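# Structural features, examined
As a plain string of letters, each chain reads:
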Amino acid sequence: MSAGVEQQRQVRRARYAVAAVFAVHGAVTGSFATRVPWIQDHASVSAGQLGLALAFPALGASVAMPLAGGISHRFGARTALRGLLALWTLSLVLPSLSPNLLTLCAALFVYGASSGMADVAMNALGVEVENRLGRSIMSGLHGMWSAGALIGSAGGTLAAHLGSDARLHHALAAGVLTVLGLVACTWVLDVTPGADEEPPPRFALPPRSALLIGAVGFCAVFGEGASLDWSAVYLHDRLHTSAGLAAACTTGFTLTMAAARFAGDRVVDRFGSVRTVRASGVLAVLGGLLVVLADHPAMAMCGFGLLGLGIAVVVPLCFAAAGRSGPNPSQAIAGVATVTYTSGLIAPSAIGGLAQAAGLVASFSLVTLLACGVAGFAGVLRPGDRSRPVVSQRSAEVPGPRP
């Protein structure tokens, strides 16, 4: 077998490995989300206090994500991802151990910080593999994250149905996911800095290009957060549906996003990222209009489905574009991730505040307006040359276990 064929085979193996990493990362989120009611009862916090505590993961991620580039530079991409992913999976146990509001906020801050750093590291490696393959894979990788979140949610739902203590559930889940993550990291690319490459600054403002790309991601994540948290409320309160049908709308939105992400790479390879995101923004706008104008549950559910289709691939393509936007992809990806995390932080409360002041129709009119931004500013995602290395002055060892 020629060296070129062997190298391509190893890069394909690295693709599957990083896909498994994305699934593990998503499974942690799904495992946590389903046990939030148990954690609330255990910590004896009110709904308002819980809302405050749930802001801390995004705060922790925003503070810690700029550190990921320096960690990868010092230890190499594979070792850094192995450590950061293990930190993330093990942090799953912390919230369920918290006996009060103060400790819960601290636990969720650590939980979010470890999530954000692992997120940056795995997205940077995903972009590296995408560039070496010469075709889009980021949408599918984020689809694997969604699949992992669904699997984690299913396990959490079963544990909750059986009345399992979340401390035991999360300890078992953390152990299994840590092992799976460490095994998957064995085969990811090991990108290492060149001898004369300066380490990135510990804290630095993201480049302007990353801020523009992040603005597109901000619009998409705002729509995602609003739909996930408020679609069921919209159907139940405005269109007077049953609780079951309202919940089914949220589930349908999630499944639509996952399916669109798995199909997204073929669309991107055929039409390019800019045209794909522009068309996605148009779909999201149409979906938002259907939601706003809906006078029947079926119309609103179709609207939320179109919203899911429209925003599904936007964030993966934002990360891919950030990774090719300059000489330091980790810094650019961290900048985009910080902006998108901020959107996810403010979207639920912004929708709630606007709904309180002017109604849910006005809230989703804002979502529709931001979807116009996705379509209008898609040009900032114009890709660079995939043939050029994503990390300057760096080398990558072949993936696989060390001898």
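Residues numbered from 1 in each chain as written. Predicted model: local features only at pLDDT ≥ 70, side-chain atom pairs only at ≥ 80, totals over all residues. Heavy atoms only, no water.

Moving on: the overall build of the protein. Along the backbone of the protein there are 17 helices and two strands. Here the protein holds 403 residues, and the buried ones make up 51% of them. About 16700 Å² of surface is accessible on the protein, with carbon and sulfur atoms providing 68% of the total. (Helix = DSSP H or I, 4+ residues; strand = E, 2+ residues; numbered from the N terminus. Buried < 20%, exposed > 50% of the residue type's maximum accessible area, 1.4 Å probe, protein only. Areas by Shrake-Rupley, 256 points an atom, 1.4 Å probe, with all protein chains shown as cover.)

What follows deals with the pattern of salt bridges. Two side chains bearing opposite charge may form a pair once their charged atoms approach each other closely. Tallied over the full model, the rule gives three salt bridges. Arg-132 is the partner of Glu-128 in a salt bridge, and the nearest nitrogen-oxygen pair spans 2.6 Å. Taken as a pair, Glu-128 and Arg-132 lie in helix α8 (residues 101–133) at a separation of four residues, close to a single helical turn. Note on Arg-132: relative accessible area 30%, which makes it partly exposed. Its salt-bridge partner being Arg-324, residue Glu-130 comes within 2.8 Å of it at the nearest N-O pair. Separated by 194 residues along the polypeptide, Glu-130 in helix α8 and Arg-324 in the loop between α15 (314–323) and α16 (329–358) bring together distant segments of the chain. In this structure, Glu-130 and Arg-324 share a single accessibility class: buried. (Salt bridge = Lys/Arg side-chain N within 4 Å of Asp/Glu carboxyl O.)

Scanning the entire structure with this criterion turns up six aromatic pairs. Taken together, a centroid distance of 4.6 Å and an interplanar angle of 50° make the contact between Trp-88 and Tyr-111 tilted. Separated by 23 residues along the polypeptide, Trp-88 in helix α6 (residues 77–90) and Tyr-111 in helix α8 bring together distant segments of the chain. (Phe/Tyr/Trp six-rings, centres within 6.5 Å; stacked < 30°, edge-to-face > 60°.)

A separate point is the confidence of the model for the protein. Parts of the prediction with low pLDDT should not have their coordinates interpreted in detail. Looking at the protein, pLDDT values average 87 and 90% of them are 70 or higher. Considering only residues more than four positions removed or in separate chains, one finds that residues 385–403, a stretch of pLDDT under 50, has 57 contacts. (pLDDT = per-residue confidence, 0-100. Contact = heavy atoms within 4.5 Å.)

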